[in-house]
Amino acid sequence: MRPAILILGITLGTIFCFRSEISVAENVSVSVPLPSNEPLELELLNNPQGLVRTANTISQEQLTIPSLWWAKENSQNKLLDNWIAYPATKIRPGRVDLIVNEQIWTLLDYLERYNFVNYLGGVVRSNKYNMRVFNYQKELLATYTCNFQTIQPLCQIKMNTQTFLEVSF
């Protein structure tokens, strides 16, 4: 009788733990919003409209948010070429579209690209922005998207390597 109870307890404990992990994973993927599907507006690089900011937009009065100039100066081999930052509205969070030098991007391996996206994603996340990474051909290369409605933001990185690979944290 005791061995049967012990086996039943181990089995139920294993099932419960496994089911808990699935539930947490399901909640994370449901909680993180999809990246914006708005088109990349490269014309804004030369002619920013309204509150949109680029690498060429400098405020004389205050720090411009999000502040990516330091990251641009320190990016690997000038990988980060420019960006377009859209402030948050009542219906969507702020978004930053990064434009990278494609020649350098293609030289990086997956981990170097991931490190770049994760580092700059953390910079824009601190100002409650989501991020997309493009080349000048308007190809979506990666995204860093967060749910800012939770106490600790839930974020997800998607990297385009033929198909998107997802990493949630």
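Above this text you will find the structure in question.
Conventions and cut-offs
- Along each chain, residues carry numbers from 1 onward, in the same order as the chain's sequence is written.
- Per-residue local features of the predicted model are confined to residues with pLDDT of at least 70, and side-chain atom pairs are confined, for both listing and counting, to 80 or more; whole-chain, interface and lining totals are unaffected and use all residues.
- Values reported for side chains reflect all heavy atoms of the structure, with hydrogen atoms and water molecules removed beforehand.
- Numbering goes from the N terminus for both helices and strands, where a helix is a DSSP run of H or I of at least four residues and a strand is a run of E of at least two.
- Under this definition, polar contacts are N or O atom pairs within 3.5 Å; protein pairs additionally need one hydrogen-donor-capable and one acceptor-capable atom, and for neighbouring residues in sequence, both atoms have to be side-chain atoms.
- By the convention used here, residues are in contact when the closest approach between their heavy atoms is within 4.5 Å.
- Disulfide: a pair of cysteine sulfur atoms within 2.5 Å of each other.
- Only protein chains enter the calculation, and the probe is 1.4 Å; a residue is then buried if its accessible area is under 20% of its type maximum, exposed if over 50%, and partly exposed in between.
- Two rings from Phe, Tyr or Trp (for Trp, the six-membered ring) form a pair when their centres are within 6.5 Å of each other. A pair whose planes differ by under 30 degrees is stacked, one over 60 is edge-to-face, and the rest are tilted.
- Should the NZ of a Lys or the CZ of an Arg lie within 6 Å of a ring centre and within 35 degrees of the ring normal, that charge is described as sitting over the ring.
- Each reported salt bridge corresponds to a side-chain nitrogen of Lys or Arg within 4 Å of a carboxyl oxygen of Asp or Glu.

Visitor: Would you mind going over the side chain of Asn147 in detail, with residue names and values included?
Guide: Among the secondary structure elements, Asn147 is positioned in strand β5 (residues 140–147). A polar contact of 2.8 Å, which involves the side chain of Asn147, links it to the backbone nitrogen of Gln149. Sequence-distant contacts of Asn147, defined by excluding residues within four places in its chain, comprise Ser31, Val32, Pro33, Pro153 and Leu154.

Visitor: Summarise the state of the cysteines; cite the residues concerned and give the values.
Guide: Under the definition given, this model contains 1 disulfide. The disulfide partner of Cys146 is Cys155, and the gap between their sulfur atoms is 2.1 Å. On the sign convention where negative means left-handed, the S-S torsion of about 105° between Cys146 and Cys155 marks this disulfide as right-handed. By the burial criterion, Cys146 is buried, and Cys155 matches it.

Visitor: Describe the packing of aromatic side chains, with residues and values.
Guide: Across all of its chains, the model carries 2 aromatic pairs by this definition. When the ring of Trp105 is compared with that of Phe116, the centres are 6.2 Å apart and the planes differ by 75°; the resulting orientation is edge-to-face. Of the two residues, Trp105 is situated in helix α3 (residues 102–107) and Phe116 in helix α4 (residues 110–125); the sequence distance between them amounts to 11 residues. Neither Trp105 nor Phe116 differs from the other in exposure class; each is buried. The cationic tip of Arg95 hangs over the ring face of Tyr86; the distance from NZ or CZ to the ring centre is 4.1 Å.

Visitor: Lay out the pattern of salt bridges with the relevant residues and their values.
Guide: Inspection of every chain in the model, using the stated rule, returns 2 salt bridges. Its salt-bridge partner being Arg95, residue Asp97 comes within 3.3 Å of it at the nearest N-O pair. In terms of burial, Asp97 and Arg95 fall into one category: buried. One salt bridge connects Asp97 with Arg132, and the closest N-O pair in it is separated by 2.8 Å. Of this pair, Asp97 sits in strand β3 (residues 94–100) while Arg132 sits in strand β4 (residues 129–134), and the two are 35 residues apart along the sequence. The class of Asp97 is buried, set by a relative accessible area of 0%. Residue Arg132 is classed as buried on the basis of its relative accessible area, which comes to 4%.

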